[in-house]
Amino acid sequence: MSAVKRTENGIQLVLTSQEIHVLNNLLEQLLELLGDSSVEGHHHDPLMAMMGIVSNDNPPDDPVLRRLFPSAYKEEEEAAEFRRYTEYGLREKKRAQAHHIYEALATYDEEWSAEKPIDLGALEVNINDDEVMIWLSAINDLRLALGVRLGIRSEEHTSELQSRVDISY
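About the thresholds
Residues numbered from 1 in each chain as written. Predicted model: local features only at pLDDT ≥ 70, side-chain atom pairs only at ≥ 80, totals over all residues. Heavy atoms only, no water. Core = buried A, V, L, I, M, F, W, Y, C linked by side-chain atoms within 4.5 Å. Buried < 20%, exposed > 50% of the residue type's maximum accessible area, 1.4 Å probe, protein only. Helix = DSSP H or I, 4+ residues; strand = E, 2+ residues; numbered from the N terminus. Contact = heavy atoms within 4.5 Å. Expected span 1.5 Å × (residues − 1). Salt bridge = Lys/Arg side-chain N within 4 Å of Asp/Glu carboxyl O. Pairing = 2+ DSSP bridges. Axes fitted to C-alpha atoms, helices over the stretch in contact; angles between N-to-C directions. Phe/Tyr/Trp six-rings, centres within 6.5 Å; stacked < 30°, edge-to-face > 60°. Lys NZ or Arg CZ within 6 Å of the ring centre and 35° of its normal.

1. A short note on the nonpolar core
Then, in step 1: Membership of the largest hydrophobic core comes to 26 residues, with the highest contact counts inside it found for Leu 13, Leu 15, Leu 68, Leu 105 and Trp 135.
Then, in step 2: Those elements that place two or more of their residues in this core are strand E2 (10–16), helix H1 (17–34), helix H3 (63–68), helix H4 (76–111), strand E3 (122–128) and helix H5 (132–150).
Then, in step 3: When residues no more than four places from it in sequence are discounted, the contact partners of Trp 135 are Leu 13, His 100, Ile 101, Ala 104, Leu 105, Val 125 and Ile 127.

2. Re H5
Then, in step 1: With 19 residues, H5 should cover 27 Å at 1.5 Å per step; its first-to-last C-alpha distance of 27 Å lies within 8% of that length.
Then, in step 2: Here H5 has its buried residues at Val 132, Trp 135, Ala 138, Asp 141, Leu 142, Leu 144, Ala 145 and Gly 147.
Then, in step 3: Looking one or two places after H5, you find Gly 151, whose phi comes out positive at around 80°.

3. A few points about the pattern of salt bridges
Then, in step 1: Counted by the stated rule, this structure contains 7 salt bridges.
Then, in step 2: Close ionic contact of Arg 149 with Asp 62 constitutes a salt bridge, the shortest N to O distance being 3.0 Å. With a gap of 87 residues between them, Arg 149 in helix H5 and Asp 62 in the loop between helix H2 (46–51) and H3 connect regions that are remote in the sequence.
Then, in step 3: Connected through salt bridges with shared partners, the residues Arg 83, Glu 87 and Arg 91 form a single ionic network.

4. Considerations on the sheet that holds E3
Each strand in a sheet pairs with its neighbour through backbone hydrogen bonds, running either in the same direction (parallel) or in the opposite one (antiparallel).
Then, in step 1: Read from one edge to the other, the open sheet built from 3 strands follows the order E1-E2-E3, with strand pairing classed as antiparallel. Edge strands, defined here as strands with exactly one partner in the open sheet, are strand E1 (3–6) and E3. Recorded for the sheet is a direction-independent mean angle of 20° between the axes of neighbouring strands.
Then, in step 2: Where E2 and E3 come together, 7 bridges link them in antiparallel fashion. The residue bridging Gln 12 from the neighbouring strand is Asn 126, located in E3.
Then, in step 3: Sheet strands in contact with H1 are E2 and E3, and its direction is about 105° off that of E2.
Then, in step 4: Across the face of the sheet, H5 comes into contact with E2 and E3 while running at roughly 115° to E3.

5. What about the packing of aromatic side chains?
Then, in step 1: One pass over the structure, following the stated rule, counts 1 aromatic pair.
Then, in step 2: Seen in terms of ring centroids, Tyr 73 and Phe 82 are 5.8 Å apart; in terms of plane orientation they differ by 80°. Their pairing is edge-to-face.
Then, in step 3: The class of Phe 82 is partly exposed, set by a relative accessible area of 34%.
Then, in step 4: Its guanidinium or amino end placed over the ring of Tyr 85, Arg 84 lies 5.3 Å from that ring's centre, counting from NZ or CZ.

Here you go:
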């Protein structure tokens, strides 16, 4: 990220067009992974659907989703029960947060559409105080998803990977 600055009304990010494009691409992938709310949880019972209770209480198959929605209990039965009552709401919240940032950045990303070559210019993105936690939560979800996909398991593992790769700007 080019710059982050605290302002009177919130946070100001200065992002390049490439950073905005990458963020939007990652958010699209996260939204796709989180799925369509209308088919999640296999709602056969309208009352269950209205209450946000899912009939499927198994942990997700995808390792990223298992990281985003970890089991709350060691005992399988208790974890399944907890998942039935909470996963739908958590999934909806994560989906809404990711969508919020995607929409906020989409207008900027469209400005640098195919009509214009990729530009190295920077753009200010202002986040008001009410939106800061939405942004932090969604970016944390992206961080967790990338960590799983890249195979990063711990801080020590991260340090080991950094020592093998020269990342200089």
